[in-house]
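Now for the letters of each chain:
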Amino acid sequence: MHPVIGITCSLTATPIDGTTFFLERNIIARDYARAIEHAGGAPILLPHSEDLACIQQYLRVVDGLLLSGGGDIDPLRFGQEPHQNIGSVDPVRDEMELQLTQKALAADLPIFALCRGIQVLSIAAGGTIYQDIASELPQPTLRHSQKGAGWYASHTIDLLPDSRLHQITGSITTRVNSFHHQAVRDAGEGFIVTARAKDGVIEAIENPTHRFAVGVQWHPEMMWERHPEAVNLFAAFVKACR
Ligand SMILES: [Mn+2]
């Protein structure tokens, strides 16, 4: 039996020609499902829901939770007013993902959190994030919004020795892709920082006592066809879900 991996989605709203209506769609890049399938999991998509009973049912169906990439989290969710560089926010997604994550953490259900997901994971655990690293960090930052191909590993990260992330990747230094303007500031209760970019920006967190609660700031789902370390990440997650 393949472990069932629930993947969260984005929401888009596009105007319908000739009307005043907007068509809302749950969408997510296909890369996530392909990477999970390649690693031996059975991916399913979790549509937006505002119904707590529905959200709880999602967690009874899945063996693991994949928090996907997407827009910014509403800063009011971690006690801040919106910075002028905040991007688009999706309050329904915020609420659903925070509920899912807090319940999954409490139930020791494996969680793999990518890009936006690492921010959701840290906030769900009581941590905080930078709303805009380029303007909020005291020192100049590297380019974390790369212009190259999605699979291209554009900057270096240093991993925490003997962390789960280090054990999975087998590298103490590696390179990752980068498509973010936010980053974790305080990792959250029970979490440790397991990777940083050369400018100090947090690139990965994990909870060492949890079955699998790993967040990475990059997009391994865009990298696995060219980078074995990204395959190892998905394989370790799916294995933890068995
Ligand atoms: Mn980065």
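Look up a bit, the structure's there.
Computed from a predicted model, the values in this text were never measured in an experiment. (Residues numbered from 1 in each chain as written. Predicted model: local features only at pLDDT ≥ 70, side-chain atom pairs only at ≥ 80, totals over all residues.)

J.: Any chance you could explain the overall build of the protein chain here in plain terms?
T.: The helix and strand inventory of the protein chain stands at seven helices and 13 strands. The C-alpha atoms of the protein chain give 17 Å as radius of gyration, which agrees with the globular expectation for 242 residues (18 Å, within 12%). Dimensions of the protein chain, computed from C-alpha atoms along their principal axes, come out at roughly 55 × 45 × 35 Å. In the protein chain, the proportion of contacts linking residues at least 24 apart, taken out of those at least 6 apart, comes to 67%. (Helix = DSSP H or I, 4+ residues; strand = E, 2+ residues; numbered from the N terminus. Rg over C-alpha atoms; globule rule 2.2 N^0.38 Å. Contact = placed C-beta atoms within 7 Å.)

J.: Any chance you could explain the packing of helix α2 (residues 52–61) against helix α3 (residues 91–107) here in plain terms?
T.: Any two packed helices are characterised by the angle at which their axes cross and by the distance between the axes. Two numbers describe how α2 lies on α3: the axes approach to 10 Å, and their chain directions differ by 45 degrees. As judged from the angle between their axes, α2 and α3 are oblique. Crossing hand, α2 versus α3: right-handed. In contact with Leu52, Ile55, Gln56, Tyr58 and Leu59 of α2, α3 contributes Met96, Gln99, Leu100, Lys103, Ala104 and Ala107. Among the residues forming the contact of α2 with α3, the class breakdown is eight nonpolar, two polar and one charged. (Axes fitted to C-alpha atoms, helices over the stretch in contact; angles between N-to-C directions. Parallel < 35°, antiparallel > 145°, perpendicular 65-115°, else oblique. Left-handed = near helix turned anticlockwise from the far one by under 90°. Nonpolar A, V, L, I, M, F, W, Y, C, P; charged D, E, K, R; others polar.)

J.: What is the right way to read the pairing of strand β3 (residues 22–27) from this model?
T.: Burial of β3 is sparse: only zero of the six residues sit out of reach of the surface. Examined bridge by bridge, strand β2 (residues 10–15) and β3 share six bridges and lie antiparallel to one another. Following the sheet pairing, Thr12 is matched in β3 by Arg25. Linking β2 to β3, which pair antiparallel, is a turn of six residues; within it Gly18 sits at a positive phi near 80 degrees. (Buried ≥ 20, exposed ≤ 12 C-beta atoms within 10 Å, placed from the backbone. Pairing = 2+ DSSP bridges.)

J.: Hey, could you run me through the packing of α3 against helix α4 (residues 116–124) in this one?
T.: Where α3 meets α4, the closest approach of the two axes is 9 Å, and the angle between their N-to-C directions is 60 degrees. For α3 against α4, the interelement crossing comes out right-handed. Seen from α3, the contacting residues are Glu97, Leu98, Thr101, Gln102 and Leu105; seen from α4, they are Val120, Leu121, Ile123 and Ala124. In terms of residue class, the contact of α3 with α4 is made up of six nonpolar, two polar and one charged.

J.: Just checking my understanding: could you explain unusual backbone geometry for this structure?
T.: A negative phi holds for most residues other than glycine; trans holds for most peptide bonds. Of note, the phi angle at Asp108 is positive, near 60 degrees, even though the residue is not glycine. If you trace the backbone, Asp108 turns up in the loop between α3 and β6 (111–114). Owing to 13 C-beta atoms within 10 Å, Asp108 belongs among the partly exposed residues under this scheme. Positive phi values are uncommon outside glycine, yet Asp162 reaches one of about 70 degrees. One can find Asp162 in the loop between β8 (155–159) and α6 (164–169). The class of Asp162 is exposed, set by 11 C-beta atoms lying within 10 Å.

J.: In this structure, what is going on with the sheet that holds strand β4 (residues 42–46)? I would like to understand it.
T.: Within a sheet, adjacent strands bond to each other through the backbone by hydrogen bonds, running parallel or antiparallel. Read from one edge to the other, the open sheet built from nine strands follows the order β4-β1-β5-β6-β13-β12-β11-β8-β9, with strand pairing classed as mixed. Strands with a single pairing partner mark the edges of an open sheet, and in this sheet they are β4 and β9 (173–176). Averaged over all adjacent pairs, the angle separating strand axes in this sheet is 20 degrees, with direction ignored. As paired strands, strand β5 (residues 64–67) and β6 are joined by three bridges and run parallel to one another. Note that in β6 the partner of Leu65 across the bridge is Ile111. Where α3 meets the sheet, it contacts β1 (4–8), β5, β6 and β13 (213–216), and its direction lies at approximately 140 degrees from that of β5.

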